[in-house]
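Given next are the chains, with one letter for each unit.
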Amino acid sequence: ANPDSLKQAMAVEMVNGENPMEGIMMLRELVEKDSTNVEAQYWLGVFAIKSGQLDKAVQRFETVLRIRPDYIAACIDLGGVYLEQHNLDQALVYFRKGLEIDSTNNYALLFAAQTLEKKNELAEAKGLYQQLLRHNTDTVVTQRVQEFIDQINTKLNP
């Protein structure tokens, strides 16, 4: 592994451990050295969410997606930020972008379906939940998703 990759791994470990600010500073150094360092940009976005700095997270994830439009985790996390800000339309844009990248991604399917359900677009939400069932073998997940589908069926067919 190259020195920057090792530094980044150490930085992420520090942020998640006992030296969060030192880890953040290391990630910032990597981005200052190379603004196209997608991984460092991404992790700065993740940690911005954790610290409640949602506007900074949006900026980081948008930077990641300008550099690598197919970075699915950035799409999903950016959608999550917009969802947290109650901007359902923007959230859905990024969850759908995640589905364009990988139509079987469990997170993109789940979050897009939940967002559609919040927008009362129940038929489309149900379709995504059903798609999620086809791509998931975890019994806890499939049971919960089936409950979501049953709730939608109750709303659609009172």
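Below is a summary of the structure that appears in this document. What you see is a predicted model, and the numbers here were worked out from it, not measured in a lab. (Residues numbered from 1 in each chain as written. Predicted model: local features only at pLDDT ≥ 70, side-chain atom pairs only at ≥ 80, totals over all residues. Heavy atoms only, no water.)

**Remarks on the packing of helix 6 (residues 88-101) against helix 7 (residues 106-118)**
For the pair helix 6 and helix 7, interaxial distance at closest approach is 9 Å and the crossing angle is 150°. By the angle between their directions, the pair helix 6 and helix 7 is classed as roughly antiparallel. Between helix 6 and helix 7 lies a crossing of left-handed hand. Residue-level contacts link Leu 88, Ala 91, Leu 92, Phe 95, Arg 96, Gly 98 and Leu 99 of helix 6 to Ala 108, Leu 109, Phe 111, Ala 112, Thr 115, Leu 116 and Lys 118 of helix 7. In the contact of helix 6 with helix 7, the residues fall into 10 nonpolar, two polar and two charged. (Axes fitted to C-alpha atoms, helices over the stretch in contact; angles between N-to-C directions. Helix = DSSP H or I, 4+ residues; strand = E, 2+ residues; numbered from the N terminus. Parallel < 35°, antiparallel > 145°, perpendicular 65-115°, else oblique. Left-handed = near helix turned anticlockwise from the far one by under 90°. Contact = heavy atoms within 4.5 Å. Nonpolar A, V, L, I, M, F, W, Y, C, P; charged D, E, K, R; others polar.)

**What to know about the side chain of Thr 115**
Positionally, Thr 115 belongs in helix 7. Here Thr 115 falls in the buried class, since its relative accessible area comes to 0%. Separated by 2.7 Å, the side chain of Thr 115 and the backbone oxygen of Phe 111 make a polar contact. With near-sequence residues (within four places) excluded, Thr 115 lies in contact with Leu 83, Leu 88, Ala 91, Leu 92 and Phe 95. (Buried < 20%, exposed > 50% of the residue type's maximum accessible area, 1.4 Å probe, protein only. Polar contact = N/O pair within 3.5 Å; in protein donor to acceptor, adjacent residues only side chain to side chain.)

**A short note on helix 2 (residues 20-33)**
Spanning 14 residues, helix 2 covers 20 Å between terminal C-alpha atoms, matching the ideal 20 Å at 1.5 Å per step. For helix 2, every residue scored as buried is listed here: Gly 23, Ile 24, Met 26, Leu 27, Leu 30 and Val 31. Mapping the buried residues of helix 2 onto a view down its axis gives an arc of 160°, with all of them on the same face. Within helix 2, the exposed residues directed more than 90 degrees away from the buried face are Met 21, Glu 32 and Lys 33. (Expected span 1.5 Å × (residues − 1). Arc of directions from axis to C-beta.)

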